[in-house]
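Structural overview for review
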Number of protein chains: 2
Amino acid sequence: MQGPSPWVPVPENSQFPLSNLPYGSFSIETEGPGRRVGVAIGDHVIDVGAAARATGSPLSHLLEGHVVNPLMAAGPQTWNELRAAVTAWLSDTRYQDQVGPHLIPRRQVTMHLPFEVGDYVDFYSSEHHALNAGRILRPSGDPLPPSWKYLPVGYQGRAGTVAISGTPVRRPSGQVRDSLDVTPSFRPSHALDFEAELGFVVGVPSDLGHAVPLSAFEDHVFGVVILSDWSARDIQAWEYVPLGPFLGKSFLTSVSPWLVPLAALKAARTDPPPRDPPPLSYLDDADHPWALDITLEIKLNGRVISRPPFSSMYWTAAQQLAQMTSNGASLRTGDLYGSGTISGPRPDQVGSLLELSWGGSKPFQNPDGSTHTYLADGDEVVITGSAPAAGGGTLGFGEVRGRVVDPSDT
Amino acid sequence: MQGPSPWVPVPENSQFPLSNLPYGSFSIETEGPGRRVGVAIGDHVIDVGAAARATGSPLSHLLEGHVVNPLMAAGPQTWNELRAAVTAWLSDTRYQDQVGPHLIPRRQVTMHLPFEVGDYVDFYSSEHHALNAGRILRPSGDPLPPSWKYLPVGYQGRAGTVAISGTPVRRPSGQVRDSLDVTPSFRPSHALDFEAELGFVVGVPSDLGHAVPLSAFEDHVFGVVILSDWSARDIQAWEYVPLGPFLGKSFLTSVSPWLVPLAALKAARTDPPPRDPPPLSYLDDADHPWALDITLEIKLNGRVISRPPFSSMYWTAAQQLAQMTSNGASLRTGDLYGSGTISGPRPDQVGSLLELSWGGSKPFQNPDGSTHTYLADGDEVVITGSAPAAGGGTLGFGEVRGRVVDPSDT
C-alpha cells in the first residue's frame, strides 16, 4: 500500500520519509537558544508548533514547550490525530503556503534531548548477549541467571545522565581491582564500552498500585529511540555484587535525537522468537506480539563493526512494560526503558565490545592493521537503525554518536 | 549556648524547636488544593513564602512554588540567609504583626512531598545490617561483598515512586520462586518489609563529567529526611542476580514530610567508626567527618520494636556523595539518596524485619502473645528520628508512616 506523497522533497533512502514523522527538540543557532518541538521530513525539520498555529490546529497547545512531553501525555487518540494532521500538512499542497515557512533545513538546526526523562530503566533481554556476557563474566557458572527465562531482568538506571547524541563520552574514573590479590585503586576505566540498544519512551502515566498489562502497551508507550548504554566494565565488575551496576553505567546514556512513534513501526512488527519455558500469564504475549524488525548498525571510527537485529530479542518491550509495573510501580510521562544490549547469534551481530573482543581477551583488527579491544580516547561510535516503513522503503532514528574524550579534557 | 527564643509557643520536647526550622510542602483543606512551602515551628507551620513577602524579604521569589527545589538550588549562602531571616521572624517580636497571620496550626494542614525528586539512589552502608543481611540471604558465603569495605555499595532506585509519609503500602505482587525445585509463580509478596533509613537531598547541581569531592558535601546537600525503603524480600530474592534489586523495591519509598537542613544538624555531628582498611583518598573523610548522632525509633502497630543509631553507619553521607559522583555523574536539584538500612549492633537496634525475624525464620512476639515475621495486611509502621539540637534539647523530622493494604483495595 502506497501512502500519500509529500510536497517537500524527500531524498531516496532518507531516514525520514513521510511514513516516519519522528519527533525531536531543535534550536536554530542564528535565532538564539530557544528549543522547539520539530518533526523530521527528508532533509528538513518542520517547526510543528508553528505549523499547528498556522493551520489553526486545535493541538497547537501541546507543542508550545521545548520537549515532546505534553504531547506524549495526551494519549494515543491525540497522537493519531496529530500524526494524521502532519501527514496532511506535508502531502496536501493546499497547506504549502501555511506550512512551508516553518520548514528548516536539518543542517541548520541543533538537536536536544527530545523529552524530559522521568525514570530510566535498563533491561537485559537479548539471549545471545546474556549468554555471551555470562560466559565472559562468570565463566565458572551457568551463563544465564536462574530467573532469566522467566522474567525480563532489569534495573533502574540514572535518569539525570541521559543525554542527547553527540555528548562527549568522558572516560569515567572509578574504583577497580585489577586482580584478586591486590587492593583496589581509583583510576580511569581501562574497559570503556558501549551497549547498542533501543529505548522505549512512556507517554501516558499510570497510577501507583496498578499494574499495566501487556495488552496496554500501545496505550502508554509513545515511541522509540536508539540508546547507547555506555559502560565501564572494570568499574562494574568490582561494584556490582550484590546490588547491580551503578557507577559503571551512571556516567552517561546517550539517545538519538528522533523519537519514532510506535505508529510508524507498524510495518516492522514481527513475531518474537519461541520461548521455553512458556512465559507466566502476565508475560504471555501470544495475542500481543511486539517483536520489531529493526536492525542497528554500529560504526567504530567510520567502519561498520556490527549489525545487531532487534527482532532476535527474547523479551519484547511490551513484556518489559508489564514486568516493570507488575509490582504496582507507577509510570510517568517521559519514563525511558532500554531493551538491553541487542546481540544476534553471529559475531558480526553483537551489540558491545565486551562481546566483540570477548571481554578484552581477543582483540579484533582495525582496517589499518592495528587491533582494538575496548574504547580508546578519540574513538568515535555511531549507532544507526533501520526499520521497514509502511508503504515500502525504510525509516530511521537519526543516530547516536559519541566520541571518547580523556577525563582531563574540559 | 542558648539561642534566641521564639515568640510562637513551642511545647517542651517538640520535634520542631527554633533550632530546627525544617522545610515542607503543605496545603490547607479549607483553602483548596494549593500547595505551598512551609517551615515547622512547634505545633505550627509558617507559610514561609507569605511571611517573606510580608517582611519584604528579597528571597520571597524562591518560595513561591509548591516545593523546596528553587530554594535548594540557590545554594548555601542563600540557605543561611533565609534560615537567619526565619529565625528572626519567629524570635523578634517586632515581626509578630507581619508574620503572625501566616502561622497555621499543624493539625489543619496536609503535607505533601517536600521536593521534586530528581534521581533516587539507595546505599547499603550499615556494617551491622550488611552482615546480618549477608548471613541471612547468602549463608554459605562471606556475609560482606568483596567491595563492601572499599566503597559505599549502592544502586539506582525508582524516583517516580518516592512518596510522602502516609501513602498506603499496597502489598506488591511479583514473580517469586518458593523453593529451588518449583517453577516461579506470580502472587502477592509474602515477605513485605520496611528498611529504616535517612535520605539526603541534593540542592546544588553539578556538571556532567565532574566529580564532587567529599569536602564539597555542604555545598551541595541541603538536608535530611527519614526514609522507608519498602521491600518485598521474596520478589527481590528471585530477581536480583545479577543486576540488583528492582521490583522488590520499586513499588514505594516513603519519606518524612519535614526536610531538616544540614544547618540544623551541627550539634549532631560526631566521629564515624574506625575503618579498616583505610578508605582510598577520594573517600578519606578524616578532615570532613560527617557521622551524625541521629537515633531512629520504629513502631509496629504502636509498639516500639527498634531504635537504630545512625551514628553507627560505616560510610557517611559525604562519602556516599563522593562515591556517587566519582565517575563524573552529574547531580540535579532534588536528587535523593538513602543511607541504606540503619542497624546498630544490638537486636533492638536493627532497621528491618528481615533482621528482626532473621529472614522470617524466627518470629518475634507481639504484646498480645501472637507472633510476627514480615508485615501483615493492616500493619502500621511509624518511623521517627531524634537528633541533638543546637542550644540543647532535641529535634525531629516528623514521621514516616505506612499502613499495609491488601492489593485488591483501591
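Numbers given for residues are sequential positions, taken from 1 along each chain in its written order. A letter from A marks each chain and a number from 1 marks each ligand, given out in the order of writing. Given that this is a predicted model, residues contribute local features only at a pLDDT of at least 70 and side-chain atom pairs are listed and counted only at 80 or more, while totals for whole chains, interfaces and linings are drawn from all residues. The basis for every side-chain value is the complete set of non-hydrogen atoms in the structure, without hydrogens or water.

All right, on to the overall build of chain A then. Within chain A one finds nine helices and 27 strands. With the radius of gyration taken over C-alpha atoms, the globule rule is written as 2.2 Å times the number of residues to the power 0.38. Against the 2.2 N^0.38 benchmark of 22 Å for 410 residues, chain A shows a C-alpha radius of gyration of 21 Å, consistent with a compact globule. Taking the principal axes of the C-alpha coordinates as reference, chain A spans close to 75 × 50 × 35 Å. Three labels apply to residues, based on accessible area from a 1.4 Å probe with only protein chains included: buried if under 20% of the type maximum, exposed if over 50%, partly exposed otherwise in between. Counting across all 410 residues of chain A, residues that qualify as buried make up 62%. We call two residues in contact when some of their heavy atoms are within 4.5 Å. Within chain A, contacts between residues separated by at least 24 positions form 73% of all contacts whose residues are at least 6 apart in sequence. Summing over all exposed atoms, chain A offers an accessible surface of approximately 14,800 Å²; the carbon and sulfur share of this is 50%. Under the convention used here, Asp and Glu are negative, Lys and Arg are positive, and both His and the chain ends fall outside the count. Here the site of a charge means NZ on Lys, CZ on Arg, CG on Asp, or CD on Glu. Distance between charge centroids for chain A: 3 Å, based on 28 positive and 42 negative side chains. Only DSSP runs of H or I with at least four residues qualify as helices, and only runs of E with at least two residues qualify as strands; both kinds are numbered from the N terminus onward. In these tables, accessible area is a Shrake-Rupley quantity obtained with a 1.4 Å probe, and a residue counts as shielded only by the protein chains included in the view.

So, about the side chain of A:Arg158. Locating A:Arg158 in the fold gives a position in the loop between strand S7 (154-157) and strand S8 (162-164). Among residues more than four places away in sequence, those in contact with A:Arg158 are A:Tyr120, A:Ser250, B:Asp119, B:Val121, B:Gln156, B:Met324, B:Ala329, B:Ser330, B:Leu331 and B:Asp335.

This paragraph deals with the nonpolar core. Core analysis: the largest hydrophobic core is formed by 154 residues, its most contacted members being A:Tyr337 and B:Tyr337. Other than its neighbours up to four places away in sequence, A:Tyr337 contacts A:Val121, A:Phe123, A:Leu198, A:Gly199, A:Phe200, A:Val202, A:Phe217, A:Val221, A:Ala317, A:Gln320, A:Leu321 and A:Met324. To qualify as a nonpolar core, a set must consist of buried Ala, Val, Leu, Ile, Met, Phe, Trp, Tyr and Cys residues joined through side-chain atoms within 4.5 Å.

Position of B:Pro278 among the secondary structure elements: in the loop between strand S18 (269-270) and strand S19 (291-292). Accessibility expressed as a relative area gives 63% for B:Pro278, which makes it exposed.

Moving on, we come to the relation of the copies chain B and chain A. Here chain B sits on chain A after a turn of 180° about the axis and a move of 0.0 Å along it, with an RMSD of 0.0 Å. Within this description, the copies of the chain are treated as partners about a two-fold rotation axis. Within chain B, B:Gly244 has its C-alpha nearest the rotation axis, a separation of 2.0 Å. Looking at chain B, 100% of its interface residues are interface residues in chain A too, so the copies touch through the same face. C-alpha atoms of residues with pLDDT of at least 70 in both copies form the basis for the least-squares superposition of the copies.

Between chain B and chain A, the residue contacts involve 57 residues of the former and 57 residues of the latter. Interface area, chain B with chain A, both sides summed: about 5,200 Å², of which 63% is carbon and sulfur. Here A:Arg158 makes a salt bridge to B:Asp335, at a shortest N to O gap of 3.1 Å. Between N or O atoms, a polar contact is any pair within 3.5 Å; within protein, one atom must be a potential hydrogen donor and the other a potential acceptor, and residues adjacent in sequence are included only when both atoms are from side chains. On inspection of chain B and its partner chain A, the count reaches 20 residue pairs in polar contact (both at pLDDT 80 or more). Those elements that place two or more of their residues in the side of chain B that touches chain A are strand S6 (120-123), strand S7 (154-157), strand S10 (173-176), strand S11 (185-188), helix H7 (233-239) and helix H8 (317-324) of chain B. In terms of residues, the side of chain B that touches chain A owes the most to one element, S7(B), which gives four residues. Using a 1.4 Å probe, buried area is obtained as the accessible area two parts lose upon being combined, added over both of them. Salt-bridge detection follows one rule: a side-chain nitrogen of Lys or Arg within 4 Å of a carboxyl oxygen of Asp or Glu.

Counting buried residues in helix H5 (residues 127-137) of chain A gives eight out of 11 residues, a clear majority hidden from the surface. Buried within H5(A) we find A:Glu127, A:His129, A:Ala130, A:Leu131, A:Asn132, A:Ala133, A:Gly134 and A:Ile136.

To continue, consider the environment of B:Ala52. Residue and element names in this part refer to chain B. With respect to the helices and strands, the residue Ala52 is situated in helix H1 (residues 48-54). For Ala52 and Arg94, which are 42 residues apart along the polypeptide, the C-alpha to C-alpha distance reads 15 Å. Setting aside its immediate chain neighbours within four residues, Ala52 contacts Ser57, Ser60, Leu63 and Trp89.

An α-helical turn contains 3.6 residues, so a residue and the one three or four places further along point in the same direction. Residue and element names in this part refer to chain A. Most of helix H8 (residues 317-325) is tucked away, with nine of its nine residues classed as buried. Considered for burial, the residues of H8 that qualify are Ala317, Ala318, Gln319, Gln320, Leu321, Ala322, Gln323, Met324 and Thr325. Buried-residue contacts for H8 involve strand S6 (120-123), strand S13 (196-202), helix H6 (217-220), strand S14 (221-229) and strand S22 (336-338).

Per-residue confidence from the predictor is reported as pLDDT, a score between 0 and 100. Mean pLDDT over chain A: 96, with 99% of residues reaching 70 or higher. When pLDDT is averaged over each helix and strand of chain A, the minimum, 92, is found for strand S23 (residues 364-365) of chain A and the maximum, 99, for S13(A).

Note on aromatic contacts: the rings of Phe and Tyr and the six-membered ring of Trp form a pair at centre separations within 6.5 Å, being stacked when their planes are under 30 degrees apart, edge-to-face when over 60 apart, and tilted otherwise. Going through the model one piece at a time under the given rule, you end up with 26 aromatic pairs over all chains. Summarising the aromatic geometry, the rings of A:Tyr282 and B:Phe186 are spaced 4.3 Å apart at their centres and angled 35° between planes, so their arrangement reads as tilted. With A:Tyr282 in the loop between strand S18 (269-270) and strand S19 (291-292) and B:Phe186 in strand S11, this residue pair bridges two chains. Classification of A:Tyr282 by relative accessible area gives buried; the value is 15%. Three or more aromatic residues joined by ring pairs make a cluster, and in this case those are A:Phe123, A:Phe200, A:Phe217, A:Trp290, A:Phe310, A:Tyr337 and B:Phe246. Sitting over a ring, as applied to charges here, requires NZ of Lys or CZ of Arg to be within 6 Å of the ring centre and within 35 degrees of the ring normal. Residue placement shows B:Arg275 over the ring face of B:Tyr314; its charged tip is 5.9 Å from the ring centre.

Now for unusual backbone geometry. Residue and element names in this part refer to chain A. That bond from Val241 to Pro242 is cis: its omega, 0°, falls within 30 degrees of zero. Inspection of the secondary structure assignment puts Pro242 in the loop between helix H7 (233-239) and strand S16 (253-255). The backbone of Asn301 sits at a positive phi, close to 50°, despite the residue not being glycine. Checked against the element boundaries, Asn301 lands in the loop between strand S20 (295-300) and strand S21 (303-306).

This part is about the pattern of salt bridges. Residue and element names in this part refer to chain B. Counted according to the given criterion, the structure contains 37 salt bridges over all chains. Note that Arg171 is salt-bridged to Asp377, the shortest N-O span being 2.8 Å. Taken as a pair, Arg171 in the loop between strand S9 (169-170) and S10 and Asp377 in the loop between strand S24 (371-372) and strand S25 (380-388) lie far apart in primary sequence, 206 residues in all. Take Arg171: its relative accessible area is 10%, and that puts it in the buried class.

Residues and elements named next belong to chain A. Two strands are counted as paired when DSSP detects at least two bridges linking them. Direction of pairing for S20 relative to S21: antiparallel, over a ladder of three bridges. Looking at the pairing, Ile298 lines up with Ser306 of S21. Hairpin geometry of S20 and S21 is characterised by an intervening segment of two residues between the two adjacent antiparallel strands and by a positive phi of about 50° at Asn301.

Another aspect to go through is the sheet that holds strand S5 (residues 109-112) of chain B. Residues and elements named next belong to chain B. Spatial ordering of the open sheet is given by S4-S3-S2-S1-S5, a layout of five strands whose pairing is antiparallel. In this open sheet, the two edge strands, each paired with only one partner strand, are strand S4 (103-105) and S5. Looking at each pair of strands side by side, their axes are set apart by 45° on average, direction ignored. Bridge analysis of strand S1 (residues 23-28) against S5 gives four bridges, and the strand direction is antiparallel. Bridging from a neighbouring strand, Ser25 pairs with His112 of S5. Note on definitions: angles span 0 to 180 degrees between N-to-C directions of axes, and those axes are lines fitted to C-alpha atoms, for helices only across the stretch in contact.

On to the domain arrangement of chain A, then. Residue and element names in this part refer to chain A. Delimitation of the domains relies on an automatic or database domain assignment. If you check the domain split of chain A, you get domain 1 (23-112) and domain 2 (120-405). Centre-to-centre, using C-alpha coordinates, domain 1 lies 29 Å away from domain 2. With 18 residues of domain 1 at the interface, the matching set in domain 2 holds 18 residues. Between domain 1 and domain 2, the buried area comes to about 1,400 Å², and carbon and sulfur atoms account for 74% of it. Sorting the residues of domain 1 by area buried against domain 2 places Tyr23, Met72 and Trp79 first, and these three jointly supply 42% of that buried surface. Linking domain 1 with domain 2 are zero salt bridges. Where domain 1 packs against domain 2, one counts one residue pair in polar contact (both at pLDDT 80 or more). If you list the elements that add at least two residues to the side of domain 1 that touches domain 2, you get strand S1 (23-28), strand S2 (36-41), helix H2 (69-73), helix H3 (76-91) and strand S5 (109-112). The element that contributes the greatest number of residues to the side of domain 1 that touches domain 2 is H2, accounting for four residues. Each residue gets one label: Ala, Val, Leu, Ile, Met, Phe, Trp, Tyr, Cys and Pro are nonpolar, Asp, Glu, Lys and Arg are charged, and the others, such as Gly, are polar. Looking at the side of domain 1 that touches domain 2, its residues break down into 11 nonpolar, five polar and two charged.

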